[in-house]
Amino acid sequence: MTTPSLQDGIDKAGSPVNLLWQPDAEPWTPEVVEREYTGWRQEQRAWHEGVALLNLSHHMFDMWIEGPDATRVLADHGANNFEKFAVGQAKQYVPVTRHGHIVTDGILSREAENAYVLSGVPASQHWVQYHAEKGGYDVSFTTDPSSAFRPGGGDPKLFRYQIQGPLALDLIARVFGGPIPETKFFHSTPVTLDGRAFKALRHGMAGQAGYEFIGPWEHAEYVHEAFLKAGEPLGLIQVGALAYATPSVESGWVPSPVPGIYTDPELAGYRAWLPLFGIEGKRPLNGSFFSENIEDYYVSPYELGYGKMIHFGHDFIGRDALLKAKEEAGLRKKVTLVFDPDDVRRVLGQGADAGFVLSYARHRVETSAGLAGITMQTASIDPVGTVLSLTLIDAAHAAPGTEVSVVWGEHPGSGTDPEADLGFPRIRATVQPSPFDRHARTEYRRDA
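It should be emphasised that the depicted structure is a prediction, and the values quoted were computed from it without experimental measurement.

Novice: Explain the overall build of the protein chain here, please?
Specialist: Assigned secondary structure in the protein chain consists of 14 helices and 18 strands. Its C-alpha radius of gyration of 22 Å places the protein chain within 12% of the 22 Å reference for a compact globule of 448 residues. Each principal axis of the C-alpha atoms in the protein chain carries an extent, and together these give about 65 × 55 × 45 Å. Each of the 448 residues in the protein chain was classed as buried or not, and the buried ones make up 58%. Once local pairs closer than 6 in sequence are excluded, the contacts in the protein chain between residues at least 24 apart make up 72%. Taken as two groups, the 39 positive and 56 negative side-chain charges of the protein chain have centres that lie 4 Å from each other.

And the structure:
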């Protein structure tokens, strides 16, 4: 039996939006790890005020890209600077379509001269592999899916543990018997623990200090226990799946934007190559913002804040479109909306999760003039005392302090006017910068 493709799914549904639209879809949270260890409020506060341990081992796809053409295939299909990409460095990989829409980013680590690991949501991995196979590049691929999709179950190839918060460096010094070598942001340094070799990637979340420790799974339990034991005197908190899904709202990273791949006739072969039961065919759309046109959900890397990562010193798919977009007005701005606490209580209440809110829905953001933007991710942030929403908004309404309202509800989808007044409640909100966290906004990448 032939496995259905993404194009098969679109054809059967009648449109990409019909395929993806799922009102009231459950928000994604990482698999395997507990939803909460000590409670989401305490876990959020740990990386703001103390020290937190996060297990990232299970929810990302990893793809090893190796061979003489590894750099060339990545550079031909991504907007990043590969002239300045050291072994041991990581970058947020930015692949775009020929029209300049993001495919979805990933974390790309250079392991050797001709070897990389691309991690995260698999859409960017699919993009690179398809074009490598189509273009005849001399490169090989090895993929380790997330634990939810790994055939036959089994363990990941790599462990990933983040140590974050104001006391992170104290904990790391306790584990390794002293400070590890000073490392630039998004660069790694090799470390050993009782003869076990792995690496430390300088990485923060929501602007806090910390590292991500990455190594072979055979050392996972030993390394995990070492951090737990050394962290007891510091009040180390393990972070569960609910709290883990929230810091991107503060740090300004938009998780899993809609890939701009569903409509271009030149990508018909790509859609036929992609499986229906993958990220491109199953990541749901929902919320109060609805459009029959999937292109209304596409985003530019400039809107996501990736402009500084784009390097025009080489040719790549989408280069001309990005050059044109750089000069155009009308691109939306990424901002943080701070929800009015009284409206949060009135509209969202204090449900079974003691007030926890998490949504990846696209909700309408309005002013008195009408639609002004759409939310990309919304979450309760306990240290802030309310709900924040990472949002793309028209430049005219992006100034800090601008007052807007968020339409909170689930449009039923096709068959109902996208502009229909469905009686959804409004939540007042105030525009603030993104990243919302001051440290993330001003110093995060200073030594990158």
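Novice: Explanation requested: the nonpolar core in the structure shown.
Specialist: Grouped together as the largest cluster of nonpolar side chains are 41 residues, with contacts concentrated most on Ile261, Tyr262, Ile294, Tyr297 and Leu322. Within the residue set of this core, elements represented by two or more residues are helix 1 (6–13), helix 2 (16–20), helix 5 (123–135), helix 12 (319–327), strand 15 (370–381) and strand 16 (386–393). The element best represented in this core is helix 2, accounting for three residues. Excluding anything up to four places from it in sequence, tyrosine 262 contacts Leu6, Ile10, Pro16, Leu20, Arg271, Glu280, Ile294 and Tyr298.

Novice: Looking at this structure, how should I read the sheet that holds strand 1 (residues 52–55)?
Specialist: By way of backbone hydrogen bonds, the strands of a sheet pair with one another, either parallel or antiparallel. The strand order across the open sheet formed by six strands is 8-9-10-7-1-11, and the pairing between neighbours is mixed. Among the strands making up the open sheet, the edge pair consists of strand 8 (188–193) and strand 11 (237–239). Between one strand axis and the next, the sheet turns by 30° as a mean value, whatever way the strands run. Across the sheet, helix 6 (residues 168–176) touches strand 7 (158–164), strand 8, strand 9 (196–202) and strand 10 (210–216), and the angle it forms with strand 10 is around 40°.

Novice: Explain the packing of aromatic side chains here, please?
Specialist: Aromatic ring pairs: the centre-centre distance and the angle between the two ring planes describe each pair. Per the stated rule, a full pass over the model turns up 23 aromatic pairs. Between the aromatic rings of phenylalanine 185 and phenylalanine 186, the centroid separation amounts to 5.1 Å while the plane-to-plane angle is 15°, which identifies the pairing as stacked. Comparing phenylalanine 185 with phenylalanine 186 shows no difference in burial state: the two are buried. Between phenylalanine 198 and phenylalanine 213, the ring centres sit 6.3 Å apart and the planes meet at 70°, which makes this aromatic pair edge-to-face. Here the residue phenylalanine 198 occupies a position in strand 9, and phenylalanine 213 occupies one in strand 10, the gap between them amounting to 15 residues. Under the relative-accessibility criterion, phenylalanine 198 is labelled buried at 7%.

Novice: Hey, could you run me through the packing of helix 6 against helix 7 (residues 220–231) in this one?
Specialist: When two helices pack together, their arrangement is given by the angle between the helix axes and the distance between those axes. Here helix 6 crosses helix 7 at 115°, and the two axes come no closer than 9 Å. Of the two possible hands of crossing, helix 6 and helix 7 adopt the one that is right-handed. On helix 7, the residues that touch Leu171, Ile172, Arg174, Val175 and Phe176 of helix 6 are Ala226, Phe227, Ala230 and Gly231. Classifying every residue of the contact of helix 6 with helix 7 by side-chain character gives seven nonpolar, one polar and one charged.

Novice: Got a minute to help me understand the sheet that holds strand 5 (residues 115–120) in this structure?
Specialist: One open sheet holds the five strands; their spatial order is 3-4-5-2-6, and the pairing between them is antiparallel. Two strands close off the open sheet at either side, each with one partner strand: strand 3 (90–93) and strand 6 (140–144). Neighbour-to-neighbour, the strand axes of the sheet open up by a mean angle of 25°, direction not taken into account. Examined bridge by bridge, strand 2 (residues 61–66) and strand 5 share six bridges and lie antiparallel to one another. Counted as the bridge partner of phenylalanine 61 is glycine 120 from strand 5.

Novice: Before we go on, may I ask you to explain the pattern of salt bridges in this structure?
Specialist: Going through the model one piece at a time under the given rule, you end up with 20 salt bridges. One salt bridge in this structure joins arginine 41 and aspartate 382, with 2.6 Å as the shortest N-O distance. Note that arginine 41 is positioned in helix 3 (residues 40–49) and aspartate 382 in the loop between strand 15 and strand 16, a separation of 341 residues in sequence. Judged by relative accessible area, which is 34%, arginine 41 ranks as partly exposed. Among the residues examined, aspartate 382 registers a relative accessible area of 15% and is labelled buried. The residue arginine 150 makes a salt bridge to aspartate 144 at a minimum N-O spacing of 2.9 Å. Aspartate 144 carries the same exposure label as arginine 150, and that label is buried. When salt bridges with common partners are traced through the structure, they connect Arg41, Arg45, Glu49 and Asp382 into a single cluster.

Cut-offs used in this document
Residues numbered from 1 in each chain as written. Predicted model: local features only at pLDDT ≥ 70, side-chain atom pairs only at ≥ 80, totals over all residues. Heavy atoms only, no water. Helix = DSSP H or I, 4+ residues; strand = E, 2+ residues; numbered from the N terminus. Rg over C-alpha atoms; globule rule 2.2 N^0.38 Å. Buried < 20%, exposed > 50% of the residue type's maximum accessible area, 1.4 Å probe, protein only. Contact = heavy atoms within 4.5 Å. Lys, Arg positive; Asp, Glu negative; His and termini not counted. Charge placed at Lys NZ, Arg CZ, Asp CG, Glu CD. Core = buried A, V, L, I, M, F, W, Y, C linked by side-chain atoms within 4.5 Å. Pairing = 2+ DSSP bridges. Axes fitted to C-alpha atoms, helices over the stretch in contact; angles between N-to-C directions. Phe/Tyr/Trp six-rings, centres within 6.5 Å; stacked < 30°, edge-to-face > 60°. Left-handed = near helix turned anticlockwise from the far one by under 90°. Nonpolar A, V, L, I, M, F, W, Y, C, P; charged D, E, K, R; others polar. Salt bridge = Lys/Arg side-chain N within 4 Å of Asp/Glu carboxyl O.

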